Amino acid sequence: EAEVAQSPRYKITEKSQAVAFWCDPISGHATLYWYRQILGQGPELLVQFQDESVVDDSQLPKDRFSAERLKGVDSTLKIQPAELGDSAMYLCASSLIQGNSWTEAFFGQGTRLTVV
Amino acid sequence: KQEVTQIPAALSVPEGENLVLNCSFTDSAIYNLQWFRQDPGKGLTSLLLIQSSQREQTSGRLNASLDKSSGRSTLYIAASQPGDSATYLCAVDDYKLSFGAGTTVTVRA
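Just so we're clear, the structure is a prediction, and the values are computed from it rather than from any experiment. (Residues numbered from 1 in each chain as written. Chains lettered and ligands numbered in written order. Predicted model: local features only at pLDDT ≥ 70, side-chain atom pairs only at ≥ 80, totals over all residues. Heavy atoms only, no water.)

## Observations concerning the overall build of chain B
Counting secondary structure elements, chain B contains 0 helices and 11 strands. For chain B, the N- to C-terminal ordering of α and β elements is β-β-β-β-β-β-β-β-β-β-β. Expressed as a percentage of its 109 residues, the buried residues of chain B come to 44%. Counting every atom, chain B has about 5,000 Å² of accessible surface; 48% of that belongs to carbon and sulfur. (Helix = DSSP H or I, 4+ residues; strand = E, 2+ residues; numbered from the N terminus. Buried < 20%, exposed > 50% of the residue type's maximum accessible area, 1.4 Å probe, protein only. Areas by Shrake-Rupley, 256 points an atom, 1.4 Å probe, with all protein chains shown as cover.)

## Notes on the sheet that holds strand E1 (residues 5-7) of chain A
Two pairing modes exist for strands in a sheet, parallel and antiparallel, and in both the strands are linked by backbone hydrogen bonds. Residue and element names in this part refer to chain A. On the basis of which strands lie adjacent, the open sheet formed by 4 strands has the order E1-E3-E8-E7 and antiparallel pairing. Only two strands of the sheet have a single partner each, and these edge strands are E1 and strand E7 (65-68). Direction aside, neighbouring strands of the sheet carry axes that sit 15° apart on average. Bridge analysis of E1 against strand E3 (residues 19-24) gives 3 bridges, and the strand direction is antiparallel. Residue Ser 7 lies in a different strand from E3, and its bridge partner there is Trp 22. (Pairing = 2+ DSSP bridges. Axes fitted to C-alpha atoms, helices over the stretch in contact; angles between N-to-C directions.)

## A closer look at the state of the cysteines
On inspection of all chains with the given rule, the structure shows 2 disulfides over all chains. One disulfide in the model links A:Cys23 with A:Cys92; its S-S distance is 1.9 Å. Across the disulfide from A:Cys23 to A:Cys92, rotation about the S-S bond amounts to roughly -70°, and the bridge is consequently left-handed. Of the two residues, A:Cys23 sits in strand E3 while A:Cys92 sits in strand E9 (residues 88-95), which places them 69 residues apart along the sequence. Of the two residues, A:Cys23 and A:Cys92, both sit in the buried class. Note that B:Cys23 is cross-linked by a disulfide to B:Cys90, the S-S spacing being 2.0 Å. (Disulfide = S-S within 2.5 Å.)

## Re the interface of chain B and chain A
Across the contact, 21 residues belong to chain B and 24 residues belong to chain A. Of the roughly 1,900 Å² buried where chain B meets chain A, counting both sides, 50% is carbon and sulfur surface. If you look at where chain B meets chain A, you find 1 salt bridge. Put simply, B:Lys96 and A:Asp56 hold a salt bridge, and the shortest N to O gap is 3.5 Å. (Contact = heavy atoms within 4.5 Å. Buried area = accessible area lost by both parts, 1.4 Å probe. Salt bridge = Lys/Arg side-chain N within 4 Å of Asp/Glu carboxyl O.)

## Focus: a nonpolar patch on the surface
Residues A:Val55, B:Tyr31 and B:Tyr95 make up a contiguous nonpolar surface patch of roughly 250 Å² in combined accessible area. Mapped onto the secondary structure, B:Tyr95 falls in the loop between strand E9 (86-93) and strand E10 (97-99). (Patch = residues over 30% accessible without salt bridge, like charges linked within 9 Å, V, L, I, M, F, W, Y side chains within 5 Å.)

## Quick look at the pairing of strand E11 (residues 111-115) of chain A
Residues and elements named next belong to chain A. Residues of E11 alternate between two faces, with Thr 111, Leu 113 and Val 115 buried on one and Arg 112 and Thr 114 left unburied on the opposite face. Here strand E2 (residues 10-13) runs beside E11; their pairing, made up of 4 bridges, is parallel. Opposite Lys 11, over in E11, you have Leu 113 as the bridge partner. Pairing of E9 with E11, which is carried by 3 bridges, proceeds in the antiparallel orientation.

## Examining the side chain of B:Thr74
Tracing the chain through its elements places B:Thr74 in strand E8 (residues 72-77). Other than its neighbours up to four places away in sequence, B:Thr74 contacts B:Val20, B:Leu21, B:Asn22, B:Trp35, B:Asn63, B:Ala64 and B:Ser65.

## Thoughts on the environment of B:Asn63
Residue and element names in this part refer to chain B. With respect to the helices, strands and loops of the structure, Asn 63 is situated in strand E7 (residues 62-67). Assessed through its relative accessible area of 19%, Asn 63 is described here as buried. Note: C-alpha distance between Asn 63 and Ile 77 (14 residues apart in sequence) is 6.6 Å. A distance of 2.7 Å separates a polar atom in the side chain of Asn 63 from a polar atom in the side chain of Glu 56. (Polar contact = N/O pair within 3.5 Å; in protein donor to acceptor, adjacent residues only side chain to side chain.)

Have a look at this one:
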């Protein structure tokens, strides 16, 4: 069964270090999302791609976060420098296309980031 | 900006009881609404998708209704089991997915 792949599953990093997360969406899915989920809260959208273009990054802290999807397939989310408040679950999701009533989003297993 | 609210935040029921989980949203101009399940420390698993033109959707013991005009959806889980213990999240799609904070369900054996 097709699934969204994320790595690593867990990451511990020191404050001020750089960290990167990788996501491989389901094959053929044009839309890719990165979400951040703090314990006990719902996921918050960080960035949304349609193919290789960013369609929404209004909640992405651009002074330290960056995201790319160079060939419109897999994607990397980077944090530099990491801060204690960045400790959270980072979730990647994909869907076939946006703006359609039958579009279903599928999520990966997430990356649990701990900043010490 | 779309605001999604889920009530209650937590729910504990004995095994066999029916579960009713509520989701409300502020902007009715949506493409669809999805219900997800999340186990501790895991990603989200899609349970049901209701298209904007639909009133309800069913999958096994799960039934979800949608009233777009009033900005509400309800997820019903019949004859709950301990394995249903998880956090349930709703998300509305208005060209981006906006989530509620979830309802954490505990089913006691």
